[in-house]
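# Working through the structure, step by step
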Amino acid sequence: KKKKKKKKKKTALSAILVDECCWHLVESTKPADSRQVLVRESIHPYYPRCRYGGEVKFEGATALRIAFDPRCRLAEQVSTLYIGLDKEMTELVAAYSGGPQKFRPLLIHSDRFFFRFESNSSHTGGAHDLGWGFKLSATPLLGLEWRCEAQVLHDSSLEWACWLLDLLLEHSCRLHKGAVHNSRIFTALVRYLRSGGVPYKHKVVALLTRLVQDARSFAPRDPPPLKLLGGLKCLVREQCDLFASVALDGPLGPDGGLAGPAAIPTT
């Protein structure tokens, strides 16, 4: 008797594209290798009168994420840390002075930045009276842009993932229930939102909103795990309060930042 050949199960194109989208979202938020982190700091505590700086560079990076030590403290009005895109600080990105709450994380859309620390205090007491100083850590972000089709075969790209999901949502009405609206894609989007210091969250929020607006497209056996959104409500409220408190200082940038398109505060 001839053995019946087992038919290979065909995988729908939509399922392959959803897998692709999830992979890029996850890979775009992977923690950076410790060898890819550069640290720059002042003396602790710092001298009343000093001026020094330098350059931080990661060749090929799409953007740089800057985080600050929670102990950062500089005497207001007399001590300031400047961050800019050029050595002369004609393209100033941010200026920091004051207590730890003033040192918010920063995202710079460049592969390098310059920093300069200045203290002009006439204080004659001990250095401890001025503050602890500053300490920053810079990390490169590589998986953001989508330059060509060949790039996404090997490297992660958030831009490609967002474009792909937008396409799938646009044509989801022609696909079977759960093809795009499923727990895997929902979890990948929420996971990105919960990752600290990543850019373009407004794009992911827009895609997630479109996904949950069409709740009937989720299969009954695979509903969206809404519990994953727990805690985001408080974070959103904190951000709204923050922006409301500084709205008078200047207009918000296109990505929600206050310092223009080159620099975006992150959470």
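Keep in mind the model is a prediction, meaning the values are calculated, not measured.

Along its length, the protein carries five helices and nine strands. Along the protein, from the amino end to the carboxyl end, the secondary structure elements read α-β-β-β-β-β-β-β-β-α-α-α-α-β. A total of 267 residues make up the protein; the buried ones form 40% of that total. For the protein, the proportion of contacts with a sequence separation of at least 24, taken over those separated by at least 6, is 75%. Just so you have it, the protein exposes about 16200 Å², and 55% of that area is on carbon and sulfur atoms.

Each aromatic ring pair is described using two quantities: the centre-to-centre distance and the angle formed by the ring planes. Applying the stated criterion to the full structure yields eight aromatic pairs. Taken together, a centroid distance of 5.3 Å and an interplanar angle of 15° make the contact between Tyr96 and Phe103 stacked. With 5.6 Å between their ring centres and 20° between their planes, Trp160 and Trp163 make a pair best called stacked. Of the two residues, Trp160 and Trp163 are both situated in helix H2 (residues 158-170); the distance of three residues between them amounts to about one turn of the helix. Residue classification places Trp160 among the buried positions, given a relative accessible area of 12%. Overall, the relative accessible area of 42% leaves Trp163 in the partly exposed class. These aromatic residues form a ring-pair network of at least three members: Tyr46, Tyr52, Phe115, Phe117 and Phe134. One cation-aromatic arrangement involves Arg116 over Tyr82; the distance from NZ or CZ to the ring centre is 5.7 Å. When the ring centre of Tyr200 is taken as reference, the NZ or CZ atom of Lys203 above it lies at 4.9 Å.

On the surface, Val212, Leu226 and Leu229 cluster together into a nonpolar patch covering about 230 Å² of accessible area. Relative to the helices and strands, Leu229 is located in the loop between helix H4 (201-213) and helix H5 (232-246).

So, on to the sheet that holds strand S5 (residues 92-96). Taken in spatial order, the four strands of this open sheet run S2-S7-S4-S5, and their pairing is antiparallel. If you trace the sheet from one side to the other, it starts and ends with strand S2 (49-57) and S5, each paired once. Neighbour to neighbour, the strand axes of the sheet diverge by 15° on average, direction disregarded. Here four bridges tie strand S4 (residues 79-84) to S5, and the two strands are oriented antiparallel to one another. Bridge assignment links Ile83 to a residue of S5, and that residue is Ala94.

The rules we used
Residues numbered from 1 in each chain as written. Predicted model: local features only at pLDDT ≥ 70, side-chain atom pairs only at ≥ 80, totals over all residues. Heavy atoms only, no water. Helix = DSSP H or I, 4+ residues; strand = E, 2+ residues; numbered from the N terminus. Buried < 20%, exposed > 50% of the residue type's maximum accessible area, 1.4 Å probe, protein only. Contact = heavy atoms within 4.5 Å. Areas by Shrake-Rupley, 256 points an atom, 1.4 Å probe, with all protein chains shown as cover. Phe/Tyr/Trp six-rings, centres within 6.5 Å; stacked < 30°, edge-to-face > 60°. Lys NZ or Arg CZ within 6 Å of the ring centre and 35° of its normal. Patch = residues over 30% accessible without salt bridge, like charges linked within 9 Å, V, L, I, M, F, W, Y side chains within 5 Å. Salt bridge = Lys/Arg side-chain N within 4 Å of Asp/Glu carboxyl O. Pairing = 2+ DSSP bridges. Axes fitted to C-alpha atoms, helices over the stretch in contact; angles between N-to-C directions.

As far as function goes, none of this settles anything; it's purely spatial.
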